[in-house]
Amino acid sequence: MKPYLSGLAGILLLAGCGGRGSPEPTASVTSPAQAECRAEAQRAPAVADQSRRVVIGLPYSEELASQARQEAESRAYTDCLRRRGLVRGGGVEPLRRPTF
């Protein structure tokens, strides 16, 4: 009976720890140049063009437009970093979600 009680006490102690939230993730350190490139990417003409292509009310169209906008913003951000010499060319292409 004693092993049962000690096991139960251990479980109750662990259950009491579950109420706490996980610690906040540390913010990624960005340089001023990276912040400027992020802002420039959000204002890029290709991003604005993708935002205009959405058909409001069609979830499929909204999802495709959102995905295309994210890809255009990511491309503009990477291009800005390359122009400033912060990132070398090459790398792995981001994973594309299948669309039907």
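Above: the structure in question.
Residues numbered from 1 in each chain as written. Predicted model: local features only at pLDDT ≥ 70, side-chain atom pairs only at ≥ 80, totals over all residues. Heavy atoms only, no water.

Q: Would you mind going over the pattern of salt bridges with me for this structure?
A: Within the structure shown, the criterion is met by 6 salt bridges. The residue Arg 84 makes a salt bridge to Glu 36 at a minimum N-O spacing of 2.9 Å. Of this pair, Arg 84 sits in the segment after α4 (59–83) while Glu 36 sits in helix α2 (residues 32–42), and the two are 48 residues apart along the sequence. By relative accessible area, Arg 84 is classed as partly exposed at 39%. Taking the relative accessible area as the measure of exposure, Glu 36 reaches 44% and is therefore partly exposed. The salt bridge partner of Arg 69 is Glu 73, with a shortest N-O separation of 3.3 Å. Here the residue Arg 69 and the residue Glu 73 both occupy positions in helix α4, the gap between them amounting to 4 residues, near one helical turn. (Salt bridge = Lys/Arg side-chain N within 4 Å of Asp/Glu carboxyl O. Helix = DSSP H or I, 4+ residues; strand = E, 2+ residues; numbered from the N terminus. Buried < 20%, exposed > 50% of the residue type's maximum accessible area, 1.4 Å probe, protein only.)

Q: Hey, could you run me through the nonpolar core in this one?
A: In this structure, Cys 37, Ala 41, Ala 44, Val 47, Ala 72, Ala 76, Tyr 77, Cys 80 and Leu 81 together form the largest nonpolar core, which totals 9 residues. Contributions of two or more residues to this core are made by α2 and α4. Here this core gets 5 residues from one element, more than from any other, and that element is α4. Ignoring any residue separated from it by four or fewer positions in sequence, one finds Leu 81 in contact with Gln 34, Cys 37, Leu 86 and Val 87. (Core = buried A, V, L, I, M, F, W, Y, C linked by side-chain atoms within 4.5 Å. Contact = heavy atoms within 4.5 Å.)

Q: Whenever I open this one, α4 confuses me. Can you help?
A: Side chains of residues three or four places apart in an α-helix project in the same direction, reflecting 3.6 residues per turn. An ideal rise of 1.5 Å per residue puts 36 Å on 25 residues; α4 measures up with 36 Å between its terminal C-alpha atoms. Along α4, the residues that are buried comprise Ser 61, Ala 65, Gln 67, Ala 72, Glu 73, Ala 76, Tyr 77, Cys 80 and Leu 81. Of the surrounding elements, those touching the buried residues of α4 are α2 and α3 (45–52). Following α4 by one or two positions, Gly 85 adopts a phi angle in the positive range, close to 80°. (Expected span 1.5 Å × (residues − 1).)

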